[in-house]
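# Remarks on the overall topology
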Amino acid sequence: MTVSYEEWEPVIGLEVHAQLKTRSKIFASSPNRFGDEPNTNIEINDTGQPGALPVLNKEAVDLAIRFGCGVHAKVATFSKFDRKSYFYPDSPRNFQITQFDMPIIIGGEIVADVEGKTKTFPLHHAHLEDDAGMLKHFSDFAGVDYNRAGVPLLEIVSEPCMFSPKDAVAYATTLRAILEYLGVSDCNMEEGSMRIDTNVSVRPKGDKTLRNKVEIKNLNSFAHMEMGIEAEIRRQIQAYSKRPHEDPRLVVPSATVRLDIDKKETILMRSKEEAKDYRYFPEPDLPPIILTTDYIEKIRKDLPELPHERFKRYTEKLKLSAYNASILVNDKSLSDYFEEALKFSSHAGALCNWITVEFVGRFKDSEIDLTTSGILPEHIAKLVTFIDNKKITGRIGKEVADVMVQKPGKDPEIIIKENPNFQAVHDTSAIEPFVDEVLSAHPQSVEDFRNGKDKAFNFLVGQVMKLSQGKASPDVVKELLIKKMLPGK
Amino acid sequence: MYKKTASQLHQAFLEGNLTASEIASGFLQRIQFLDEEVKAFLNVFADRVMEKAEKLDGKRAAGQPLGKLAGIPIAIKDNIQVRGEITTCASKFLSNYVAPFDATAIRLIEEEDGLIIGKTNLDEFAMGSSTEHSAYQITKNPWNLSYAPGGSSGGSAACVSARLAPISLGSDTGGSIRQPAAFTGTVGFKPTYGRISRYGLVAFGSSLDQIGPFANSVKDIALMMEVMGKPCDRDATNIKKTSEPYLDHLEGSIQGKKVGVPWGFLEGLSKKERSIFEKNLEVFKQAGAQIVDIDLSLLKYSIPTYYILSTAEASTNLARFDGIRYGKRSEKARTLDEIYDMSREEGFGAEVKQRILLGTFVLSSGYQDAYYKKAQKVRSLIIQEYKKGFEKCDIVAMPTTPTPAFEIGGIQDPLEMYLQDLYTVSANLAGLPAISLPTGKDEEDLPHALQLLGPQMDDGKVLHFAYQFEKTLKLTGFIPPLFDKETPS
């Protein structure tokens, strides 16, 4: 059977759960902290003790508002919480406190660069809720760690507005950057502070109605997300192509699937026909969240520079290429590192190259990355300045960089001082033979120079540098050349 | 000593006529000799209370400042958490559950040097109107031991009635303080919703629950309200207003004030009950107040409205009792589902199961609009109707119950039992302060009572009218004959 994939259009929507960077939990005073001993960050609310009551953490509300302002959404002046009932051991009360029909954030948009094209992805809403604990399976029993129970979550729901796996990755990448820039979440996918559920459907190109969507659960990296979406699109198109005359609702029923990474296939977990009745109703223990516009505006005024603003500054003011700018902007820690280096050097282009190519490249196969390596941004700026001032040549610069990676934190100035091979040669007697050799080999250029052609001078300097294997001090070379060609001066 | 009110005991302690130890041991003795017959207590804190009393005596001897409740023994309904003690909620599910924290009401009582003397019986999880639904014992009405004390705070009512404690705490979700107060000839007060923190009260219907005191005088109730009616930041629905000087507001004539009576709603009252009620109204007239007719016809819907909303909330509040973290876990259970099913099957009594089922049903998709949402609308209308009613009068008067106490086992039909709450549930639905006052006894020596309701937040006004009524009526020595005796020491 031949399947023509081009005749189909995928439609993708994402639900992103971002853990909010608050000090304490959303409804309790226990700390919101990852990686501690099981069941140490808990208080009576986190284990659902009878008589415990939830009290809303204002910090979580402020972060949600920050997000809303950052994506140009409407921040609801009235929103409320609801109980969502289901039994599972990781749920300490057997109901989740969430916002069912009146979320705090309505609409908004994510503007992302997809392969050089700027696309706007509309958001449906974002709502606050509490995270569950975590089940741990041992050989013959299971345990529950409630440290995560009650960690504040912002669930960010997009419209079904993405039409390719690349769209979805661009959306998620930009969303993560926004959350990081705003300080709303640290978006660590490995630690689960950013989790993505992906809804995928396909339809014949030109169709306007949506077909049944399938949810891909727990994709824990962007690469897996892309792989999962691709696999699910393929599966659905194949299914529709195999049974073209049947009711599409029966061919691809609503379902939840998971990705098998080895086979690069999606595997059915459960059909949505078995969907649970969560019996939502308003949470009686929590009054509604009522916000004044003054309060919202105060938070809006306080927003930091956002990724697209930084991108604009990099491309327009710093004249970085769009490609380089987006490499930096999408990685907040790298971009912040670059910002720090910029304080010590104004050569943005060179800095960007040295950081994103030379230094990042040197950590490519390493466990650590540049920003946490111990190499100071100031030192990279210093290295760039040395090269720029011709104190060292670019070629030596690369060798110095190697040493900086081996000995993180070591000042390049000291590295150069300690290694004679890294120092430019200032000794006239060492450089003079090269100058004489070049002058006798290029009489025409000497002539041109005497006739006032600067280009010829630069050529001659270059030739001497070459002979010295880049070690001669350019200033000394220039001085000697002038002295020899224009003896009277 | 047992004839003294709480305020009188406190005075006697301050003046040195009685030591705290004498008071505590006196009441412990009464409990020891008389509770066999009443079965009001589930747990008596003999050591704890004596230790606290001795400390108080030491404090007094040392001339240190003493709290407002110094020297007053106080019994606690066993659905309120007292740290380090078992909280059973009269359920087998929690037979070994040790409270990990103090309810705010308990903390406030201890800060004012109150003597927590023990925990009292109730209908399991406060669901019932007779205290027959306790998993442990059946509490008797001190006025006639073959009669029920009412419920669900039957133990707290009975112990104050039999003078086993001068004060007790109950909780009132639909009448659970006022109805047993009426049945046992005690004063029982349900404050405005949110006046006393619910932190540490095991939730039944979160939007309806209130802790409140039982006593043998309105003055004692006012004293307890001064102590417990304080803002608490651990309960988001708590009123964030400082405590009122309730005791100062008791005096002052009610001459010319208006007592509203919803005659239309009271049409179904029996001839006997009507004549008792009318006699009680005469007391107000004697005190100079006028009686006015007000329209509260929507109250006829209050029973179904209440049973839909309270069970809906209860079905989720009780979901935490699942056999995972604390309390009952069925020994027969082998799988997760069996832990849930069997632990709840074995741990809960029939009335609790019935209400969980009802609450689950009214929240289910397909039924929520017809039941839960409609009931919410009726609740809003009832609140409106009360607001209008209070434009015409200062206070509303109604009987507390349709009948006096009934025999143990006398009501088998659950719907008939639910009708016990006919006159009490509307105060919970509208969040109003309401008090039940003893007004005498009938030819069978069973107490009868009057209920007064005030506008939201006007707890002080309700206590003022109640005090003036009590003063005018002059019901003295209203002690059940069986318990109006000294116990051997």
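### Topic: the overall build of chain A
Secondary structure assignment for chain A yields 16 helices and 17 strands. Here chain A has a C-alpha radius of gyration of 30 Å; the compact-globule value for 489 residues is 23 Å, and the former is much larger. Of all 489 residues assigned to chain A, the portion counted as buried reaches 43%. Residue pairs in contact within chain A that sit at least 24 positions apart in sequence constitute 67% of those at least 6 positions apart.

### Some words on the overall build of chain B
Secondary structure summary: chain B contains 15 helices and eleven strands in total. In terms of overall dimensions, chain B is globule-like: its C-alpha atoms have a radius of gyration of 21 Å, near the 23 Å expected for 489 residues. For chain B, the spread of C-alpha atoms along the principal axes amounts to about 65 × 55 × 45 Å. Within the span of chain B, comprising 489 residues, buried residues form 58% of the whole. Long-range pairs, those at least 24 residues apart, make up 75% of the contacts in chain B between residues at least 6 apart in sequence.

### Structural notes on the interface of chain A and chain B
Taken residue by residue, the interface counts 25 residues in chain A and 31 residues in chain B. Residue composition of the side of chain A that touches chain B, grouped by class: 14 nonpolar, six polar and five charged.

### Remarks on the pairing of strand 5 (residues 187-190) of chain B
Residue and element names in this part refer to chain B. Across the two faces of strand 5 the burial is the same, with Val187 and Phe189 and Gly188 and Lys190 all buried. In the sheet, strand 5 pairs with strand 6 (residues 210-215) via two bridges, with the strands oriented antiparallel. Opposite Gly188, over in strand 6, you have Phe214 as the bridge partner. Both strand 5 and strand 10 (residues 434-441) contribute to a ladder of three bridges, which runs antiparallel. Paired with Gly188 across the strands is Ser436, a residue of strand 10.

### Description of the nonpolar core
Core analysis: the biggest nonpolar cluster contains 246 residues, and Ala64(A) and Ile74(B) have the highest contact counts within it. Per element, the largest residue contribution to this core is nine residues, and it comes from helix 2 (residues 165-181) of chain A. Counting only domains with at least three residues in this core, you end up with domain 1 (5-294) and domain 2 (305-422) of chain A. The residues touching Ala64(A), leaving out its near neighbours within four places in the chain, are Ile104(A), Ile105(A), Ala126(A), Leu128(A) and Leu154(A). With 13 residues, the next largest nonpolar core counts Ile431(A), Phe434(A), Met465(A) and Ala472(A) among its residues.

### Quick look at the confidence of the model for chain B
In this model, chain B carries a mean pLDDT of 97, and residues with pLDDT of at least 70 account for 100%. Per the prediction output, this complex has pTM 0.90; the corresponding ipTM is 0.96.

### Looking at the sheet that holds strand 4 (residues 82-85) of chain A
Pairing between the strands of a sheet is mediated by backbone hydrogen bonds and can be parallel or antiparallel. All names here are of chain A. Read from one edge to the other, the open sheet built from three strands follows the order 5-4-16, with strand pairing classed as antiparallel. Lying at the two open borders of the sheet, with one neighbouring strand each, are strand 5 (95-98) and strand 16 (281-282). Judged from the two bridges that link them, strand 4 and strand 16 form a sheet pairing that is antiparallel. Paired with Asp82 across the bridge in strand 16 is Pro282.

### Quick notes on the pairing of strand 12 (residues 194-204) of chain A
All names here are of chain A. In this structure, strand 1 (residues 8-19) lies alongside strand 12, joined through eleven bridges in antiparallel fashion. Considered in strand 12, the bridge of Glu15 is made with Asp197. Summarising the sheet, strand 12 and strand 13 (residues 214-219) pair through four bridges and their orientation is antiparallel. Note that in strand 13 the partner of Val200 across the bridge is Val214.

### Points about helix 9 (residues 302-317) of chain B
Compared with the 22 Å implied by 1.5 Å per residue over 16 residues, the 22 Å span of helix 9 of chain B between its first and last C-alpha is a close match. Counting buried positions along helix 9 of chain B yields 14 of 16 residues, so the element is predominantly enclosed.

### Focus on the packing of helix 15 (residues 454-467) of chain A against helix 16 (residues 474-485) of chain A
All names here are of chain A. The contact between helix 15 and helix 16 brings their axes to 10 Å, and the two run at 125 degrees. It follows that helix 15 is oblique to helix 16 by the angle criterion. Crossing handedness for the pair helix 15 and helix 16: right-handed. Here Leu460, Val461, Val464 and Met465 of helix 15 lie close against helix 16, whose contacting residues are Pro474, Val477, Lys478 and Leu481. Residues belonging to the contact of helix 15 with helix 16 are distributed by class as follows: seven nonpolar, no polar and one charged.

What counts and how
Residues numbered from 1 in each chain as written. Chains lettered and ligands numbered in written order. Predicted model: local features only at pLDDT ≥ 70, side-chain atom pairs only at ≥ 80, totals over all residues. Helix = DSSP H or I, 4+ residues; strand = E, 2+ residues; numbered from the N terminus. Rg over C-alpha atoms; globule rule 2.2 N^0.38 Å. Buried ≥ 20, exposed ≤ 12 C-beta atoms within 10 Å, placed from the backbone. Contact = placed C-beta atoms within 7 Å. Nonpolar A, V, L, I, M, F, W, Y, C, P; charged D, E, K, R; others polar. Pairing = 2+ DSSP bridges. Core = buried A, V, L, I, M, F, W, Y, C linked by C-beta atoms within 7 Å. Domains from an automatic or database assignment. pLDDT = per-residue confidence, 0-100. Expected span 1.5 Å × (residues − 1). Axes fitted to C-alpha atoms, helices over the stretch in contact; angles between N-to-C directions. Parallel < 35°, antiparallel > 145°, perpendicular 65-115°, else oblique. Left-handed = near helix turned anticlockwise from the far one by under 90°.

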